[in-house]
Amino acid sequence: MNRRAMLATTTTAVATTLLGSTAATATPAPVTPTPPPPARPVPAGRVVEGLRLPSRLLRQDVRYSLYLPPGHRPGRRYPVLYLLHGLIGDDTEWPGLGLGSIADRAIASGALPPTVVVMPDARRDPGRPPTEQAQTYYMDDADGSFRYAEMVVRELLPGVEARHGAGGSAARRAIGGESMGGFGALSFAFRHPGLFSAAFGLSVAHRTDAQVVALPQTEFDWRYAKAWGAGLVGQARLNERYRQWNLLDTIARTPAEELSRTAYFLDCGSYDGFFEGNADLHLALTAKAVPHRFMAREGAHEWDYWTSGLPVALEAVGTAFTQATGGR
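This report concerns the structure included in the present document. All of these numbers come straight from a predicted model, not from anything done at the bench.

**Regarding the packing of aromatic side chains**
The tally for this structure, following the rule as stated, stands at eleven aromatic pairs. A ring pair is formed by Tyr137 and Tyr224, whose centres lie 4.9 Å apart and whose planes are at 50°; its orientation type is tilted. Residue Tyr137 is located in the loop between strand S4 (116-120) and helix H4 (148-164), and its partner Tyr224 is located in helix H7 (residues 217-228); the two are separated by 87 residues in the primary sequence. Here Tyr137 matches Tyr224 in class, with each residue buried. With a centroid separation of 4.9 Å and 85° between ring planes, the pair formed by Trp228 and Tyr242 is classed as edge-to-face. Separated by 14 residues along the polypeptide, Trp228 in helix H7 and Tyr242 in helix H8 (residues 240-245) bring together distant segments of the chain. Each member of the pair Trp228 and Tyr242 is classed as buried. Here the aromatic residues Tyr137, Phe183, Phe220, Tyr224, Trp228 and Tyr242 are joined through ring pairs into a cluster of three or more.

**Side note on unusual backbone geometry**
Its identity is not glycine, yet Tyr137 carries a phi of approximately 50°, on the positive side. A relative accessible area of 2% places Tyr137 in the buried class. One non-glycine residue with positive phi stands out, namely Ser179, at about 55°. Residue classification places Ser179 among the buried positions, given a relative accessible area of 8%.

**Structural notes on the pattern of salt bridges**
The tally for this structure, following the rule as stated, stands at 14 salt bridges. Here Asp121 and Arg63 are joined by a salt bridge, their closest N and O atoms 3.8 Å apart. With Asp121 in the loop between S4 and H4 and Arg63 in strand S2 (residues 60-68), the pair connects residues that are 58 residues apart, well separated along the chain. Residues Asp121 and Arg63 agree in their burial class; the two are buried. Among the ionic pairs, Arg173 bridges to Glu161, the shortest N-O distance being 2.8 Å. Of this pair, Arg173 sits in strand S5 (residues 173-178) while Glu161 sits in helix H4, and the two are twelve residues apart along the sequence. Residue classification places Arg173 among the buried residues on the basis of a relative accessible area of 8%. Through salt bridges that share partners, Arg63, Asp90, Asp91, Asp121 and Arg123 make up one connected network.

Cut-offs used in this document
- Residue indices follow the written sequence of each chain, beginning from 1 at its first position.
- Given that the model is predicted, a residue must reach a pLDDT of at least 70 before its local features are reported, and side-chain atom pairs must reach 80 or more before they are shown or counted; all residues, however, enter totals for whole chains, interfaces and linings.
- As a rule here, side-chain values come from all non-hydrogen atoms in the structure, and water together with hydrogens is ignored.
- Any two of the Phe, Tyr and Trp rings considered here, Trp counted by its six-membered ring, make a pair once their centres fall within 6.5 Å; the pair's planes then place it as stacked at under 30 degrees, edge-to-face at over 60, or tilted in between.
- Secondary structure is summarised from DSSP: a helix means a run of H or I of at least four residues, a strand means a run of E of at least two, and numbering begins at the N terminus for each.
- Summary of the burial criterion: residues with accessible area below 20% of their type's maximum are buried, those above 50% are exposed, and those between are partly exposed, where the area comes from a 1.4 Å probe applied to protein chains only.
- By salt bridge we mean one thing: a side-chain nitrogen of Lys or Arg within 4 Å of a carboxyl oxygen of Asp or Glu.

Distances and angles like these do not, on their own, reveal function.
Written out as structure tokens, the structure is:
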């Protein structure tokens, strides 16, 4: 008998002698797994709604909501993100769909530095539902009667940043939005190079020329009549005012080195009706060698897509802030 066999026989005999004949078939006592340590709670920021900023240009107050990061301290200068709402939204749209918790997690993970988020109301009349009034699309009216885009640059940005200790320079300022808000965000960034360190658009509501021409008349007038002209039909819609505000035309007439002063992030669902328009923006920026990121995921023009995409967009903003400020 070899050594291994002798050892096995001796071990069995000893076990039988000490524990009885059942020792060889006894099952070990169950081991209770050690539970994982509880997850640390994510520090929560604070959302404030119903704030107002007087506007001389609009001759009325502009309503806005505000996200203040966890541990916000008055007197400290924070980066600022302007987050724009979509077609039938207002300044409460993003807070109502989880902006607070999404921003909390981005800050806790280090993807985004502690940042103030400003969410302005783009409605002409805050007292009326958006479906009952012509949209601004973050543009100025053709007749100059309601200059929303000019108000944002000349009054909202400096007014909010002075009031809340945020931004103060392009290195600490970003802009983004979904759908109509994505159109507005890119419009401000393209038209004002160097005003923002980053700009993002989720499912940007950028229509191709053919899509603009094909819009039903009531749809066109509700969205664009104030900015481009009322009652326009077919090819007449593609007028000088349209070209002035069209995102592709803005890219074409702006020098690449100017556009490249801002970091761009675009994300559009592959089943979205705006996918072709978003792909056109990507191709136009690529043709001019303007650095940007373009993401296409499965999805449609809906909130599930935008809320799932916002964390990546916030990470892109955080990266731009870090690069622009050197991490300070």
